[in-house]
Amino acid sequence: YSVKHDYQLLSKCVGHSGNVEHIDWTLPISLPGHPLHASMIFKAVDQSGNLLFWDPRTGRKIAHNQRDASFATNTARIGFEIMGVWADDSDYT
């Protein structure tokens, strides 16, 4: 939603296979010349353990990995930041 435009819906992110349980936002991205420069993205994890990255301006999934992205929050139970914490056969609980 755009606060500047009286909370007008900007985009809708569609693609998770279950209910979204965690959302974390990046800090502003510093990639001069890249389409995402000076913007923010978010990662979302659903109940089935799918981790997806999104561009909130367009609602599109970001296909390339974000392992080097700096997130302002980190509530997700899976992701690059916590690789190795869970056993291979874990259900992430």
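Residues numbered from 1 in each chain as written. Predicted model: local features only at pLDDT ≥ 70, side-chain atom pairs only at ≥ 80, totals over all residues. Heavy atoms only, no water.

Draft legend 1. Region of the structure containing the pairing of strand β2 (residues 42-46). Of all five residues in β2, five are buried; the element is thus mostly enclosed. Across the two faces of β2 the burial is the same, with Phe42, Ala44 and Asp46 and Lys43 and Val45 all buried. Across five bridges, strand β1 (residues 20-25) lies against β2 in antiparallel orientation. The partner of histidine 22 across the bridge, within β2, is valine 45. Bridge analysis of β2 against strand β3 (residues 51-55) gives four bridges, and the strand direction is antiparallel. Bridged to valine 45 within β3 is leucine 51. Here β2 folds back onto β3, and the loop between the two strands holds four residues, one of which, glycine 49, carries a positive phi near 90 degrees. (Buried < 20%, exposed > 50% of the residue type's maximum accessible area, 1.4 Å probe, protein only. Helix = DSSP H or I, 4+ residues; strand = E, 2+ residues; numbered from the N terminus. Pairing = 2+ DSSP bridges.)

Draft legend 2. Region of the structure containing the side chain of lysine 43. With respect to the helices and strands, lysine 43 occurs in strand β2. Within polar-contact distance, the side chain of lysine 43 engages the side chain of asparagine 74 at 3.1 Å. (Polar contact = N/O pair within 3.5 Å; in protein donor to acceptor, adjacent residues only side chain to side chain.)

Draft legend 3. Expanded view of the environment of glutamate 21. Along the chain, glutamate 21 falls in strand β1. For glutamate 21 and valine 45, which are 24 residues apart along the polypeptide, the C-alpha to C-alpha distance reads 5.9 Å. Side chain to side chain, glutamate 21 and arginine 77 meet in a polar contact 3.1 Å long.

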